[in-house]
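# What the coordinates show
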Amino acid sequence: MPREVAILDLRSLDIAPGAARRLELRVPPVALRLGGQEYATEPAAPEVGLEVARSLSGLHLRLRSEVTLTGPCFRCLGDARVPLRIDASEFVAEGRPDDAPFDEDLDSAYVEDGALDLETWARDAIAEAVPPTILCREDCAGLCATCGADLNAGPCGCGPPAPDPRWDALRGLAERLGRED
């Protein structure tokens, strides 16, 4: 089983220019708070593949993993399980003279003084892979707006909601246009 690493000293890898190294590691448990709800990953301490390649200009880092995000469904608050595929890249510039122009936006925010904050990078990469809507199933019917019943279990008996009075003017226009045909 891969060892758990939160911070990785990249200097200890001793990679020559033109060479690369692949590491299989685990990161500490990842928890996310989305829309006021708590989400976790399975496995709790995800296994990640980290590729580190050195070029003449710096280090090229690539993080890959597959996890399942677990937590409440956005529509019905039931248990949702969403598989995620993680593939993130970062670059760390090295070997430039102090007076050389450099765009700091290109340098990784996860590396400081040769140490890679693998825990934070993995958490952020997982957060970026989360879909816009987390659902327990694709056709989730959600909750009844009137009584709060889970509509996935069947109709609740409240009947259709009353029409929104803000649409009355358009409803009247649609009726008039329908009669003119």
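Structure: see above.
Now for a look at the structure at hand. It should be emphasised that the depicted structure is a prediction, and the values quoted were computed from it without experimental measurement.

## Details of the overall build of the chain
Scanning the chain from N- to C-terminus turns up two helices and nine strands. Scanning the chain from its N terminus toward the C terminus, one meets helices and strands in the order β-β-β-β-β-β-β-β-β-α-α. Whereas a compact globule of 181 residues would reach a radius of gyration of roughly 16 Å, the chain reaches 25 Å, over 25% beyond that. Structurally, the chain occupies a C-alpha span of about 80 × 40 × 25 Å along its principal axes. A total of 181 residues make up the chain; the buried ones form 31% of that total.

## Some details on the environment of Gly35
Turning to its location among the elements, Gly35 is positioned in the loop between strand S3 (31-34) and strand S4 (37-42). Note: C-alpha distance between Gly35 and Pro72 (37 residues apart in sequence) is 10 Å.

## A few points about the packing of aromatic side chains
Per the counting criterion, the structure on display carries two aromatic pairs. Aromatic side chains Tyr39 and Phe74 sit 6.5 Å apart centroid to centroid with 65° between the ring planes, which places their arrangement in the edge-to-face category. Of the two residues, Tyr39 sits in strand S4 while Phe74 sits in the loop between strand S6 (58-72) and strand S7 (79-93), which places them 35 residues apart along the sequence. You can call Tyr39 buried: its relative accessible area is 2%. For Phe74, a relative accessible area of 40% corresponds to the partly exposed category. Summarising the aromatic geometry, the rings of Tyr110 and Trp121 are spaced 6.1 Å apart at their centres and angled 25° between planes, so their arrangement reads as stacked. On the criterion of sequence distance, the pair formed by Tyr110 in the loop between S7 and strand S8 (111-112) and Trp121 in helix H1 (residues 118-129) is long-range, its members being eleven residues apart. Each member of the pair, Tyr110 as well as Trp121, is classed as buried.

## Quick notes on the pairing of S3
Inspection of the sheet shows S3 paired to S4 by four bridges, in the antiparallel sense. Residue pairing across strands places Leu32 opposite Tyr39, the latter belonging to S4. Hairpin remark: S3 followed by S4, antiparallel, with two residues in the connecting loop; positive phi at Gly35, about 55°.

## Digging into the side chain of Ser65
By secondary structure assignment, the location of Ser65 is in strand S6. Its relative accessible area of 9% is what places Ser65 among the buried residues. Of the polar contacts made by the side chain of Ser65, one reaches the backbone oxygen of Glu47; its length is 2.6 Å. Apart from the residues lying within four places of it in its own chain, the contact partners of Ser65 are Pro46, Glu47, Val48, Leu84, Arg85 and Ile86.

## Here's the deal with the environment of Ala109
Relative to the elements of secondary structure, Ala109 occurs in the loop between S7 and S8. By relative accessible area, Ala109 is classed as exposed at 72%. With 17 residues separating them along the chain, Ala109 and Val92 place their C-alpha atoms 8.8 Å apart.

## A look at the nonpolar core
Residues Leu8, Leu10, Leu61, Leu116, Leu118 and Trp121 are the most contacted members of the largest nonpolar core, which totals 39 residues. Of all the elements in the fold, those that place two or more residues in this core are strand S2 (20-26), strand S5 (47-54), S6, S7 and H1. The element best represented in this core is S7, accounting for six residues.

Reading the values: rules and limits
- Residues numbered from 1 in each chain as written.
- Predicted model: local features only at pLDDT ≥ 70, side-chain atom pairs only at ≥ 80, totals over all residues.
- Heavy atoms only, no water.
- Helix = DSSP H or I, 4+ residues; strand = E, 2+ residues; numbered from the N terminus.
- Rg over C-alpha atoms; globule rule 2.2 N^0.38 Å.
- Buried < 20%, exposed > 50% of the residue type's maximum accessible area, 1.4 Å probe, protein only.
- Phe/Tyr/Trp six-rings, centres within 6.5 Å; stacked < 30°, edge-to-face > 60°.
- Pairing = 2+ DSSP bridges.
- Polar contact = N/O pair within 3.5 Å; in protein donor to acceptor, adjacent residues only side chain to side chain.
- Contact = heavy atoms within 4.5 Å.
- Core = buried A, V, L, I, M, F, W, Y, C linked by side-chain atoms within 4.5 Å.

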